[in-house]
Amino acid sequence: MAAWSPAAAAPLLRGTRGLPLLHCAQRMFASQTEGELKVTQILKEKFPRATAIKVTDISGGCGAMYEIHIESEEFKEKRTVQQHQMVNQALKEEIKGMHGLRIFTSVPRH
């Protein structure tokens, strides 16, 4: 059996995006991660009529999985699957680096 070494253990001590797991634990102390800010900005640009956008990194800050809540007039008269397709299309480049995505869409109530 090979002896343990820090170099051999390094891959096990990293999150899904190659960041140290300590980075993921630091999420508890930050208001918003870079990933959350980036995804929020893209959604604001793609859905200018959105009345609410909330992006939460549910992977602990590693950027592997996000939960998105978005309320927009652009979703009016569209089925839920179409609404989700719109969000997926808006984030198609970012999704390539994610493990998962939860999407919740709605139309503003007047």
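Above this text you will find the structure in question.
Here's what I pulled together on the structure shown here. (Residues numbered from 1 in each chain as written. Predicted model: local features only at pLDDT ≥ 70, side-chain atom pairs only at ≥ 80, totals over all residues. Heavy atoms only, no water.)

### As for the overall build of the protein chain
Then step 1. Regarding its fold elements, the protein chain presents 5 helices and 3 strands.
Then step 2. When the helices and strands of the protein chain are placed in sequence order, the string is α-α-α-β-β-α-α-β.
Then step 3. Every one of the 110 residues in the protein chain was classed for burial, and the buried ones make up 33%.
Then step 4. Summing over all exposed atoms, the protein chain offers an accessible surface of approximately 7600 Å²; the carbon and sulfur share of this is 56%. (Helix = DSSP H or I, 4+ residues; strand = E, 2+ residues; numbered from the N terminus. Buried < 20%, exposed > 50% of the residue type's maximum accessible area, 1.4 Å probe, protein only. Areas by Shrake-Rupley, 256 points an atom, 1.4 Å probe, with all protein chains shown as cover.)

### Remarks on the sheet that holds strand β2 (residues 65-72)
Then step 1. Strand order in this open sheet of 3 strands is β1-β2-β3, and the pairing throughout is mixed. At either end of the open sheet lies a strand with only one pairing partner, and these are β1 (50-57) and β3 (100-106). Strand-to-strand twist across the sheet, computed as the mean angle between neighbouring axes with direction ignored, equals 10 degrees.
Then step 2. Here helix α4 (residues 80-90) sits on the sheet and contacts β2 and β3; the angle it forms with β3, its principal contact strand, is near 125 degrees. (Pairing = 2+ DSSP bridges. Axes fitted to C-alpha atoms, helices over the stretch in contact; angles between N-to-C directions. Contact = heavy atoms within 4.5 Å.)

### Topic: the packing of aromatic side chains
Then step 1. Within the structure shown, the criterion is met by 1 aromatic pair.
Then step 2. Note on Phe47 and Phe75: the rings are 5.4 Å apart at their centroids and 50 degrees apart in plane angle, and the pair reads as tilted. Of this pair, Phe47 sits in the loop between α3 (34-46) and β1 while Phe75 sits in the loop between β2 and α4; the two residues are 28 residues apart in sequence, bridging distant segments of the chain. (Phe/Tyr/Trp six-rings, centres within 6.5 Å; stacked < 30°, edge-to-face > 60°.)

### Concerning the nonpolar core
Then step 1. Ranked by size, the top nonpolar core spans 14 residues in total, and within it Val39, Leu43, Phe47, Ile68, Ile70, Val87 and Leu91 carry the most contacts.
Then step 2. Put simply, the parts of the chain that give this core at least two residues each are α3, β2 and α4.
Then step 3. Setting aside residues no more than four positions away along its own chain, Leu43 makes contact with Ile53, Val55, Ile68, Ile70, Val87, Ala90 and Leu91. (Core = buried A, V, L, I, M, F, W, Y, C linked by side-chain atoms within 4.5 Å.)

### So, α3
Then step 1. Relative to the 18 Å expected for 13 residues at 1.5 Å per residue, α3 spans 18 Å between its end C-alpha atoms, a close match to the ideal helical length.
Then step 2. If you check which residues of α3 are buried, you get Gly35, Glu36, Val39, Thr40, Ile42 and Leu43. In an axial view of α3, the angular spread of the buried residues amounts to 165 degrees, which keeps them on one side of the axis. Turned more than 90 degrees from where α3 packs its buried face, Glu34 and Glu45 sit exposed. (Expected span 1.5 Å × (residues − 1). Arc of directions from axis to C-beta.)

### What about α4?
Then step 1. Those residues of α4 that fall on the buried side of the exposure criterion are Gln83, Val87 and Ala90. Here the buried residues of α4 occupy an arc of 65 degrees about the axis, which is enough to place them on one side.

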